[in-house]
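An overview of the molecular structure
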Amino acid sequence: MPEKIRRVRRRRRGRSLSGIEALPSFRLHLPPVRVVLYAATAAAIVLLIILFGTYGSKLYLGWHESRLLKRAGAMLEKNDFVTANRLARQVLARHGDSLPAFYILAEATEKQNSEETVSWRAQIARLQPDNIDSQLNLASAALRFGQIDLARKTLERIAPRAQDEAAFHIVAGWLARAEGNLAEQEQQFDIAVNKDPKNDLYKFNLAALQIRSQDPEKSAQARANLERLTQVTQFRTGALRALLSDAVDRNDLQNADRFAQQLQMSPQVSFGDYLLCLNFYRKLDAKKFDALLEKVKPVAARSADDLGLLMDWMNENGLASDVVKWMDKLPAAATAKPPAAIAIAAAFAEQKNWSRLRRWTRSESWGKDDYLRLAYQGFAARQSRQSSAEAEFDTLWRAALHAAADQPEKEINLARLATKWNLPIESEALWSRLSHIPACRREALDALYKLYRANNDLKKLYDVLQRLHDASPNEIGITANLARLGLNIDQNTKQSQELARQAYDRAPDDVSCAVTYAFSLYAQGRTTEGLEILQKLPPEALHESHAAVYAAVLLLDVNQTDGAKEYIQVAKRGPIYAEEKRVLEDELAKIAGVSPSPTPLPSPFPTPAPSATSTSASTTPIPEVSASATP
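Here, residues in each chain are numbered from 1, in the same order as that chain's written sequence. It should be noted that, the model being predicted, local features are given only for residues of pLDDT at least 70 and side-chain atom pairs only at 80 or more, the latter also being counted only at that level, while totals for whole chains, interfaces and linings use all residues. Calculated side-chain values reflect all of the structure's heavy atoms, with hydrogen atoms and water omitted.

1. Quick word on the overall build of the chain
- Only DSSP runs of H or I with at least four residues qualify as helices, and only runs of E with at least two residues qualify as strands; both kinds are numbered from the N terminus onward. Scanning the chain for helices and strands turns up 33 helices and 0 strands.
- Burial status across the chain gives 45% buried among its 631 residues.
- When contacts within the chain are restricted to residue pairs at least 6 apart in sequence, those whose partners lie at least 24 apart make up 54%.
- The Shrake-Rupley method, run with a 1.4 Å probe sphere, supplies the accessible areas, and residue values consider only the shown protein chains as cover. Counting every atom, the chain has about 33300 Å² of accessible surface; 54% of that belongs to carbon and sulfur. Whether a residue is buried, partly exposed or exposed follows from its accessible area with a 1.4 Å probe, protein chains only, as a fraction of its type maximum: under 20%, in between, or over 50%, in that order. Here, two residues are considered to be in contact whenever any of their heavy atoms come within 4.5 Å of each other.

Structural data, given as structure tokens:
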């Protein structure tokens, strides 16, 4: 019995253990293949999520950016600049260095004549430092908006690798023009034409410049080129303008008549072209001129801008009284606002009708040009000579300055008026401030030069010449004048001697450069060498009053008093400068055995008309014609 019981218990325990062991197998049992599949699917899903999160958004953003750029380009073609600008900026918000977006913004702002163009061109140039076209486009834009220093630095940076590019020399030519260096401009344009002789744009630029050359051969060739370009639609009107202006200047009335007729029939004729024709007809025939002027007046009256242009032209050509008569026949609405209101104020000033000018400028505001109303009103008050005139002028002039503050285009207008009205204190203050703004610098320095030369303020005159030289180091007229003045007033003598040599090396046939170098050799005790330089010049060249001073000084230094006499007489007839008078008197004193005078004596000689350079400087704006193509 006990044995039987033990067997039964062993069987029960075995079933119990089997049940406990089988339970986990029953719960967790899955076929091995399905486990692998589920695991693989889960892993794939996780991987896809990671990949989509990493790359999917990039793909979408790339597609979206491309779509925005395509729309922006389409809007640019339709001249919808606002939309194009907005879409391109959206791209930049996502992709800060998007080159296509910068291109769109540069094109849009350029077509809107916005100074923002320069910043966008700068971004393109930054991203493409080795692309010459991008750098030239930056320099060209900088010149267009008066950022001369940026243009110069950009051209200097690429000059070593861009010398073979015709477009580089065109932009360099416009930089020279902006700096007032017409000789350098001509040289650069000539290089461009030689490098790309089939480019009519480059030929037009050079011919329009050379037609005014003093070299008969150059001017004749320029006329021939412009005559040919009148047959090319793109250049027809511009060529006719240059030819007409040249013919009028030369009193070639027959050709002027022909060009005037062709210009008036041109589809691109502007109101300014009618003014060119007026210039011609005024020389041709007084009766025809009067008839044409009467025909042009009603045409001008249809447009406020044209009305202002015609009145300005009449003021500049001695017809201010006609402006005043005409204004009384025009509707008040046409004359009460600028630009006509400004031209009428100028007419009153030309006529010295101060009482009527005061009444005219006491009218309502001239809007953005109100600073000019205040200036004219102040000048009229000063000229009235009343007891309170100076105080009233000071108040109104300060108000005009305040209205024009930090706006160079307005300040330069005030500076020109101050110069025209002979207000030395006011003009010096304005020109001095404007001389630190690249776009205004050349005109401002030229104005300061004339002011200091007229006042014989030699220290300030030297400083201005130094700044002119720094801004335009290749302009030989400025270089020679700086060297000569430095030698005369013992300022930076070593530099002056070196500059004199450089100027002569570059232009040995230029009278100013030769005379300056000869004077430099004299100052170094090498007078004989200096005389050899002067002997190479045409005899008549030394009979110009300024040159005669130095010829006399050098001859006196080697005791050739008889030879010096004729030059002394030429110098006495003048005009010569104060420092030139002193150096001549000092040399004469040495010959007479008298101590040199410590200070300049009162001059009996005529005062010369001042000029900063041996050739006239121009501040003509850069034309709209672009020198290089946008990539």
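Having seen the model, we can carry on.
2. What about helix α30 (residues 527-535)?
- Listed in full, the buried residues belonging to α30 are Thr527, Gly530, Leu531, Ile533 and Leu534. Taken around the axis of α30, the buried residues stretch over an arc of 155°, which confines them to a single face. Set apart from the buried face of α30 by more than 90 degrees, the exposed residues are Thr528 and Gln535. Relevant arc is that of directions from the helix axis to the C-beta atoms, nothing else.

3. So, the packing of aromatic side chains
- Only rings of Phe, Tyr and Trp enter the pairing, Trp through its six-membered ring, and a pair is recorded when the two centres are within 6.5 Å. The plane angle decides the type: under 30 degrees is stacked, over 60 is edge-to-face, the rest tilted. The final tally for this structure, using the stated rule, is 14 aromatic pairs.
- Here phenylalanine 271 and tyrosine 274 contribute two aromatic rings whose centre-to-centre distance is 6.3 Å and whose plane-to-plane angle is 65°, an arrangement assigned as edge-to-face. Within this pair, phenylalanine 271 and its partner tyrosine 274 are both found in helix α14 (residues 271-284), separated by 3 residues, close to a single helical turn.
- Looking at tyrosine 274, the relative accessible area reads 28%, which means it is partly exposed.
- Geometrically, the ring pair formed by phenylalanine 280 and tyrosine 281 is tilted, given 4.7 Å between the ring centres and 50° between the ring planes. Neither phenylalanine 280 nor tyrosine 281 differs from the other in exposure class; each is buried.
- Chaining the aromatic ring pairs together yields one cluster made of Trp354, Tyr376, Phe379 and Trp421.
- Sitting above the plane of the phenylalanine 289 ring, arginine 282 keeps its charged end 5.8 Å from the centroid. Charge-over-ring contacts are defined here by two conditions on Lys NZ or Arg CZ: a distance within 6 Å of the ring centre and an angle within 35 degrees of the ring normal.

4. Considerations on the pattern of salt bridges
- When a carboxyl oxygen of Asp or Glu lies within 4 Å of a side-chain nitrogen of Lys or Arg, that pair is called a salt bridge. On inspection of all chains with the given rule, the structure shows 37 salt bridges.
- Arginine 228 is the salt-bridge partner of aspartate 200, the closest N and O atoms lying 3.0 Å from each other. Taken together, the residues span a long stretch of sequence, with aspartate 200 in helix α10 (residues 200-210) and arginine 228 in helix α11 (residues 216-229) at a distance of 28 residues.
- Relative accessible area serves as the criterion here: at 22%, aspartate 200 is assigned to the partly exposed category.
- On the basis of relative accessibility, which here comes to 36%, the residue arginine 228 falls in the partly exposed class.
- In this structure, the salt-bridge partner of glutamate 390 is arginine 382, at a minimum N-O distance of 3.0 Å.
- By relative accessible area, which is 40% here, glutamate 390 ends up partly exposed.
- The structure contains a network of salt bridges with shared partners spanning Arg223, Asp246, Arg250 and Asp252.

5. Structural notes on the packing of helix α21 (residues 370-383) against helix α23 (residues 408-420)
- For helices, the axis comes from a line fit to the C-alpha atoms of the stretch in contact; other axes are also lines fit to C-alpha atoms, and the angle between any two N-to-C directions lies between 0 and 180 degrees. Two elements in contact, α21 and α23, have axes separated by 10 Å at closest approach and are oriented at 20°. By the angle between their directions, the pair α21 and α23 is classed as roughly parallel. Note that α21 runs across α23; the crossing there is right-handed. Facing α21, whose interface residues are Tyr371, Leu372, Ala375 and Tyr376, α23 presents Glu409, Lys410, Asn413, Leu414 and Leu417.
- The class makeup of the residues in the contact of α21 with α23 is 6 nonpolar, 1 polar and 2 charged. Roughly parallel here means an angle under 35 degrees, roughly antiparallel means over 145, roughly perpendicular means 65 to 115, and every remaining angle is called oblique. Working rule for handedness: look at the near helix, and if it is turned counterclockwise from the far one by less than a right angle, call the crossing left-handed; if clockwise, right-handed. Residue type decides the class: Asp, Glu, Lys and Arg count as charged, Ala, Val, Leu, Ile, Met, Phe, Trp, Tyr, Cys and Pro as nonpolar, and the leftover types, Gly among them, as polar.

6. Some details on unusual backbone geometry
- Backbone torsion omega between proline 338 and proline 339 reads 5°, so that peptide bond is classified as cis.
- Structurally, proline 339 can be placed in the loop between α18 (332-335) and α19 (340-350).
- Cis geometry is adopted by the peptide bond preceding proline 575, which originates at glycine 574 and carries an omega value of 0°.
- Turning to its location among the elements, proline 575 is positioned in the loop between α32 (561-573) and α33 (578-592).
- Located in the positive-phi region is aspartate 406, a residue other than glycine, with phi close to 60°.
- Following the sequence through the fold, aspartate 406 ends up in the loop between α22 (389-404) and α23.
- Note on aspartate 406: relative accessible area 76%, which makes it exposed.
- Here the phi dihedral of aspartate 490 falls at roughly 55°; this positive angle occurs in a residue that is not glycine.
- Position of aspartate 490 relative to the elements: it lies in the loop between α27 (476-488) and α28 (493-506).

7. Describing the packing of helix α12 (residues 236-249) against helix α13 (residues 253-264)
- One way to put it is that α12 packs onto α13 with a least axis distance of 9 Å and a crossing angle of 150°. Relative to α13, the element α12 is oriented roughly antiparallel. As for how α12 packs across α13, the hand of that crossing is left-handed. Every residue of α13 that contacts α12 at Arg236, Thr237, Leu240, Arg241, Leu243, Leu244, Ala247 and Val248 is listed here: Asn255, Ala256, Phe259, Ala260, Gln262 and Leu263.
- Grouping the constituent residues of the contact of α12 with α13 by class yields 9 nonpolar, 3 polar and 2 charged.

8. Topic: the environment of aspartate 394
- With respect to the secondary-structure elements, aspartate 394 resides in helix α22.
- Taking the C-alpha atoms as reference points, aspartate 394 and alanine 375, 19 residues apart in sequence, are found 9.9 Å from one another.

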